[in-house]
Amino acid sequence: MIILKYHKKDAYTYLSHIDVLRHLTRTIRRADLTVSFSQGFNPHMLLNMSVPLPLGHASTAEYVTIQTDMDEKEFLERFNQKAPKGLFGLDAVKTEKNPNLAGKVLYCDYAIQTEGVSSQAKEEIEAIPSKSEYVIPYPTRKAPEGEKNVIPGVLAMWFEGDILNVRAGVGQATVRADILSQSLAKIFGFTLKGEVCRTKQYLVENGELIEVDIFLKKLRVEK
């Protein structure tokens, strides 16, 4: 079993979750990598994606689990020889079992480039997660004029220079970083520059938040 970490950027940010899976499958075929297939009338590669990334978001921390007995270094090298630049492999970790990241990941970090955020606005934004309630405009396709209390789904917000970082929930406590940042930009009067980029994924282990990369290192099969 190999968990491949890869980035998603450039034009590939506009590929759907299913289309990314198709591109990964094609890359594996082009690289002539040895992977397991399902049984039955229409066998398919046994790949398991991590939590979906919203359309238009970039990422430096996407994961796919692949059933294979190949060496992790050889797999990564051969994958990248055929991979498109927008879906390039960053690391590969060999494990005994499928870590089921899609079911375990509960939070992700996102980075958004901003412009014109005052020091006072930064302080107020960073303090939002400590509030008991913070309702913002939260338009969706079903509710264009909708609002949402984002506190249950936002663990932290902090600035690094002009980059707004958001640690937000996925699954039941989902808060989309793009909708959140767009609403904050209107409320506090600043500008967003470029796309949202997912930078880390987290799961909860023994009551503590743990980054996926650290979790996978603990599962890594030693040679």
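Residues numbered from 1 in each chain as written. Predicted model: local features only at pLDDT ≥ 70, side-chain atom pairs only at ≥ 80, totals over all residues. Heavy atoms only, no water.

Engineer: An account of the overall build of the protein chain is requested, with residue identities and associated values reported.
Structural biologist: A count of helical and extended segments in the protein chain gives six helices and eleven strands. Taken over C-alpha atoms, the radius of gyration comes to 19 Å for the protein chain, in line with the 17 Å a tight globule of 223 residues would show. Dimensions along the principal axes, computed over C-alpha positions, put the protein chain at roughly 55 × 40 × 35 Å. A buried classification covers 47% of the 223 residues belonging to the protein chain. Residue pairs at least 24 apart in sequence account for 71% of intrachain contacts in the protein chain once pairs closer than 6 positions are excluded. A total accessible area of about 12,000 Å² is found for the protein chain, and carbon and sulfur atoms account for 49% of it. (Helix = DSSP H or I, 4+ residues; strand = E, 2+ residues; numbered from the N terminus. Rg over C-alpha atoms; globule rule 2.2 N^0.38 Å. Buried < 20%, exposed > 50% of the residue type's maximum accessible area, 1.4 Å probe, protein only. Contact = heavy atoms within 4.5 Å. Areas by Shrake-Rupley, 256 points an atom, 1.4 Å probe, with all protein chains shown as cover.)

Engineer: Lay out the environment of Ala83 with the relevant residues and their values.
Structural biologist: Here Ala83 lies in the loop between helix H2 (72-82) and strand S4 (89-94). Residues Ala83 and Ile28, 55 residues apart in the sequence, show an inter-C-alpha distance of 8.3 Å.

Engineer: With reference to specific residues and values, describe the pairing of strand S10 (residues 191-205).
Structural biologist: For a regular strand, side chains alternate in direction, first toward one face of the sheet and then toward the other. Pairing analysis gives two bridges linking strand S3 (residues 58-66) to S10, with the strands arranged parallel. Directly across from Ser59, in S10, lies its bridge partner Arg198. One ladder, built from nine bridges, connects strand S5 (residues 105-115) with S10; its direction is antiparallel. Paired with Tyr107 across the two strands is Tyr202, which belongs to S10. Relative to strand S11 (residues 208-211), S10 is paired through four bridges, and the arrangement is antiparallel. Within S11, the residue paired with Leu203 across the bridge is Ile210. Where S10 folds back onto S11 in an antiparallel hairpin, the turn is made up of two residues, including Asn206, whose phi is positive at roughly 55°. (Pairing = 2+ DSSP bridges.)

Engineer: So what's going on with a nonpolar patch on the surface? Which residues, and what values?
Structural biologist: Nonpolar side chains collect at one region of the surface, where Leu106, Leu155, Val204 and Leu209 lie side by side and expose about 290 Å² of accessible area between them. Residue placement: Val204 occurs in strand S10. (Patch = residues over 30% accessible without salt bridge, like charges linked within 9 Å, V, L, I, M, F, W, Y side chains within 5 Å. Salt bridge = Lys/Arg side-chain N within 4 Å of Asp/Glu carboxyl O.)

Engineer: Tell me what's going on with the pattern of salt bridges, and back it up with residues and numbers.
Structural biologist: Close approach of charged atoms allows side chains with opposite charge to pair. Counting across every chain of the model gives ten salt bridges. With a shortest N-O distance of 2.9 Å, Glu62 and Arg198 are connected by a salt bridge. With a gap of 136 residues between them, Glu62 in strand S3 and Arg198 in strand S10 connect regions that are remote in the sequence. One exposure class covers both Glu62 and Arg198, and it is buried. Measuring nitrogen to oxygen at the nearest pair gives 2.6 Å for the salt bridge that ties Arg167 to Asp109. One end of the pair, Arg167, is in strand S9 (residues 163-169); the other, Asp109, is in strand S5, with 58 residues separating them in the sequence. The class for Asp109 is buried, based on a relative accessible area of 4%.

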